[in-house]
Amino acid sequence: MQFVTPTKAVDPLDGLPPPPRSPRPGPKWLAWPPSKLPQRPNTFTALKGNSGLVICVGLNKDGTYVAFDGHCYHMGEPLFDGCGTGDIEDDGSIRCPAHGRRVHSETGACAERGPFAQRTYRTRVRQTAEGVVVDVDVSRPGSFASDAYNGGCPSSVERRGG
């Protein structure tokens, strides 16, 4: 009687490089209903999601909408007042009420920290039967200083919570 030594099954993928990473996942949109949008130019309103993430949506003087983290990159203080609102300066910047730090509402850049201080979000505007709705894309990758005070990376926070 002859014994046969089993051989290891050949993996057809052995030696091949791993498959390419899939491209960035598609956008994850959160909707701001008309009743929650700022009504005057150069103002913004803050909303807190189920996950604890606070995002501000602002109306610039030119009629475009912007969105950014609701807590300052510097020390996590709210950028809005007790009513959940705030002002955008004529140059597009937001001033933190606690320490006076300024960040640009569209880019998140600031003089003290550089380009990756405040997380900003892409927006799109839709007309519905109820009025204008602003959608905010919370899937922006990357690391921003404001993440430390606003629930971490929004894309992962919102996926867990919502």
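Residues numbered from 1 in each chain as written. Predicted model: local features only at pLDDT ≥ 70, side-chain atom pairs only at ≥ 80, totals over all residues. Heavy atoms only, no water.

Q: Describe the environment of cysteine 72, naming the residues involved and giving the relevant values.
A: Its location among the elements puts cysteine 72 in the loop between β4 (65-69) and β5 (85-87). Along the chain, cysteine 72 and proline 97 lie 25 residues apart, while their C-alpha atoms are 9.4 Å from each other. Residue contacts for cysteine 72: discarding those within four places in its chain leaves Glu77, Leu79, Cys96, Arg101, Gln118 and Tyr149. (Helix = DSSP H or I, 4+ residues; strand = E, 2+ residues; numbered from the N terminus. Contact = heavy atoms within 4.5 Å.)

Q: Requested: an account of the sheet that holds strand β3 (residues 54-59), with residues and values cited.
A: The sheet built from seven strands is open, its strands ordered β1-β9-β8-β4-β3-β2-β5 with antiparallel pairing. The sheet terminates laterally at β1 (29-32) and β5, the two strands that pair on one side only. Between one strand axis and the next, the sheet turns through 30° on average, direction left out of account. Where strand β2 (residues 43-48) lies against β3, six bridges are found, and the strand directions are antiparallel. (Pairing = 2+ DSSP bridges. Axes fitted to C-alpha atoms, helices over the stretch in contact; angles between N-to-C directions.)

Q: I'd like to hear about the side chain of asparagine 42, residue by residue, with values.
A: When you line up the elements, asparagine 42 lands in the loop between β1 and β2. Classification of asparagine 42 as buried rests on a relative accessible area of 13%. Of the polar contacts made by the side chain of asparagine 42, one reaches the side chain of aspartate 90; its length is 2.9 Å. (Buried < 20%, exposed > 50% of the residue type's maximum accessible area, 1.4 Å probe, protein only. Polar contact = N/O pair within 3.5 Å; in protein donor to acceptor, adjacent residues only side chain to side chain.)

Q: An account of the state of the cysteines is requested, with residue identities and associated values reported.
A: Per the counting criterion, the structure on display carries zero disulfides. With no disulfide of its own, cysteine 110 lies 8.0 Å from the sulfur of cysteine 72, the closest cysteine sulfur. (Disulfide = S-S within 2.5 Å.)

Q: Just give me the short version of the nonpolar core, but keep the residues and values in it.
A: Phe44, Cys56, Phe68, Tyr73, Leu79, Phe80 and Ile94 are the most contacted members of the largest nonpolar core, which has 17 residues in total. The set of elements that each furnish at least two residues to this core consists of β2, β3 and β4. Sequence-distant contacts of phenylalanine 68, defined by excluding residues within four places in its chain, comprise Phe44, Val54, Ile55, Cys56, Leu79, Ile94, Ser105, Arg119, Thr120 and Tyr121. (Core = buried A, V, L, I, M, F, W, Y, C linked by side-chain atoms within 4.5 Å.)

Q: How would you summarise the side chain of aspartate 135 if you had to cite specific residues and measurements?
A: Here aspartate 135 lies in strand β9 (residues 131-137). What makes aspartate 135 buried here is its relative accessible area of 2%. At 2.5 Å, the side chain of aspartate 135 forms a polar contact with the side chain of arginine 126. Excluding anything up to four places from it in sequence, aspartate 135 contacts Trp29, Leu30, Ala31, Arg122, Thr123, Arg124 and Arg126.

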